[in-house]
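# Chains, contacts and geometry: an overview
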Amino acid sequence: MHMTSQTARSVLHPTVTTTRTVVQSHRRGRHVRTQRGFSLIELGLALAVIALIAGGILKGRDMLANARLQNVVSQLGQMEMAITSFETRYGALPGDMRTASTAFGALTSEANGNGNDRIDTAAEAARAFQTLGLAQQVAGQFDGVAPSGNTCPATTCPQTATGGRLMFMTGGQPAGTGSFRALLAPVGQLDPRQLAELDRKIDDGRANTGRFQILANAPEACLSGGNWNMGGTLDTCTGALLVQ
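First things first, this report covers the structure right here in the doc. This structure is a prediction, so every number in the text was calculated from the model and none was measured. (Residues numbered from 1 in each chain as written. Predicted model: local features only at pLDDT ≥ 70, side-chain atom pairs only at ≥ 80, totals over all residues. Heavy atoms only, no water.)

### A look at the overall build of the protein chain
Spelled out, the test is: A run of DSSP states H or I qualifies as a helix once it reaches four residues; a run of E qualifies as a strand once it reaches two. Both are numbered from the N-terminal end. Categorising residues by exposure relies on relative accessible area from a 1.4 Å probe, with only protein chains included: less than 20% of the type maximum marks a residue as buried, more than 50% marks it as exposed, and the intermediate range marks it as partly exposed. Every residue pair with non-hydrogen atoms within 4.5 Å of one another is taken to be in contact. For accessible areas, the Shrake-Rupley method is used with a probe of radius 1.4 Å. Any residue's cover is judged against the shown protein chains and nothing else.
The helix and strand tally for the protein chain stands at six helices and six strands. Counting all 244 residues of the protein chain, 35% fall into the buried class. Considering only contacts within the protein chain whose residues lie at least 6 apart along the sequence, 56% involve residues at least 24 apart. Accessible area of the protein chain: about 14,100 Å², with a carbon and sulfur share of 56%.

### Topic: the layout of surface pockets
Test applied: Throughout, the protein atoms alone are placed on a 1 Å grid, and a set of points is a cavity if a 1.4 Å probe fits but cannot get out or a pocket if it is open with protein on both sides within 12 Å along at least five of seven lines; lining residues have an atom within 4 Å of a point. Grid points are joined across faces, edges and corners, and a volume is the space filled by probe spheres set on the points. When residue character is reported, Ala, Val, Leu, Ile, Met, Phe, Trp, Tyr, Cys and Pro are called nonpolar, Asp, Glu, Lys and Arg charged, and the others, Gly included, polar.
By volume, the largest pocket is sized at about 250 Å³. Gly149, Asn150, Met169, Thr170 and Gly171 are, among the 18 residues lining the largest pocket, the residues nearest its centre. Every element with two or more residues in the lining of the largest pocket is listed here: helix H5 (122-134) and strand E1 (165-168). Per-class residue counts for the lining of the largest pocket are ten nonpolar, eight polar and no charged.

### Quick notes on the state of the cysteines
Put simply, the test is: Note that a disulfide, as used here, is simply two cysteine sulfur atoms within 2.5 Å.
Summed over all chains, the structure comprises two disulfides. Residue Cys152 pairs covalently with Cys157 via a disulfide, S to S 1.9 Å. When the S-S torsion is 80°, as for the bridge of Cys152 with Cys157, the disulfide is right-handed. Sulfur-sulfur distance for the disulfide between Cys222 and Cys237 comes to 1.9 Å. Disulfide Cys222 to Cys237: torsion about the S-S bond roughly -95°, handedness left-handed. Residue Cys222 is located in the loop between strand E3 (212-214) and strand E4 (223-224), and its partner Cys237 is located in the loop between strand E5 (227-228) and strand E6 (239-243); the two are separated by 15 residues in the primary sequence. Considered together, Cys222 and Cys237 belong to a single accessibility category, that of buried residues. If the cysteines joined by disulfides in the protein chain are listed in sequence order, their pairing comes out as 1-2, 3-4.

### A closer look at the packing of aromatic side chains
Let me state the cut-off plainly: Two rings belonging to Phe, Tyr or Trp (six-membered ring only in the last case) form a pair when the distance between their centres is within 6.5 Å. Interplanar angles under 30 degrees mark stacking, angles over 60 mark edge-to-face geometry, and anything in between is tilted. Two conditions define a charge located above a ring, namely a distance within 6 Å from the ring centre to NZ of Lys or CZ of Arg, and an angle within 35 degrees of the ring normal.
Within the structure shown, the criterion is met by six aromatic pairs. When the centroid spacing of 4.6 Å and the interplanar angle of 40° are considered together, the rings of Phe86 and Tyr90 count as tilted. With Phe86 and Tyr90 both in helix H3 (residues 40-90), this residue pair falls four residues apart, about one helical turn. Centroid distance Phe86 to Phe104: 6.3 Å. Interplanar angle 25°. Geometry classified as stacked. One end of the pair, Phe86, is in helix H3; the other, Phe104, is in the loop between helix H4 (100-103) and H5, with 18 residues separating them in the sequence. Judged by its relative accessible area of 0%, Phe86 is buried. These aromatic residues form a ring-pair network of at least three members: Phe86, Tyr90 and Phe104. Taking NZ or CZ as reference, Arg118 lies 5.0 Å from the ring centre of Phe180, over its face.

### Structural notes on the nonpolar core
Our working definition: Among buried residues, the Ala, Val, Leu, Ile, Met, Phe, Trp, Tyr and Cys ones that are joined through side-chain atoms within 4.5 Å form a nonpolar core.
Phe129, Leu132, Phe168 and Leu198 are the most contacted members of the largest nonpolar core, which totals 51 residues. At the level of elements, H3, H5, E1, strand E2 (182-187), helix H6 (192-202), E3 and E6 are the ones that each hand at least two residues to this core. Here the element with the most residues in this core is H3; it accounts for eight residues. Non-local contacts of Phe168, meaning those with residues more than four positions away in its chain, are made with Ile83, Ile119, Ala125, Ala128, Phe129, Ala182, Leu183 and Leu184.

Following this line, the structure appears as structure tokens:
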């Protein structure tokens, strides 16, 4: 009987043919398995991981924003202490000092304030940071140039952690009552919700009472029912610390 070479190999080596068949079947089976879709469990796990990542990003962003607001609170507190220290040393408020040009040789008589125990003119507001810097009560040196409206360059006013500026406000009054000799405000890059959070960290959380208040000439969009507009997005609202 005539046998082909393949038949002969099968007879002589039966295990080889069997093994090939098993391997080929295994490969075909593996190929079929790799083409199947994700199960509901796998999709659920993937969505859960994505949700955790997204939640972590949002939480991290909220924590960063809260840290910046806390930094602004610290800046206001440090500035208030610097004002007190300056007054103890020189007997006058920074910017309002009648003898600033005598105390600080680098200044001319134009840097002298009116001595009324208030920082209440644009010139005094600018000179306040300049004399605080010269007295080494705050970090940095400032040029003393009077700002225009609610804008102030970095050469004149310190920058806040939120990207705005610290300014002494002279063109408005607080919405509520309370004694003060200066209004120190973090101006710019803060919406009503953020200002309300600052208010809670510093004071009572209400826009028109306490030591941190909205200015009386603030846009209507900053308020809701006489308090901070928690849904407002306007970033030109201004709240000020009443320096006593």
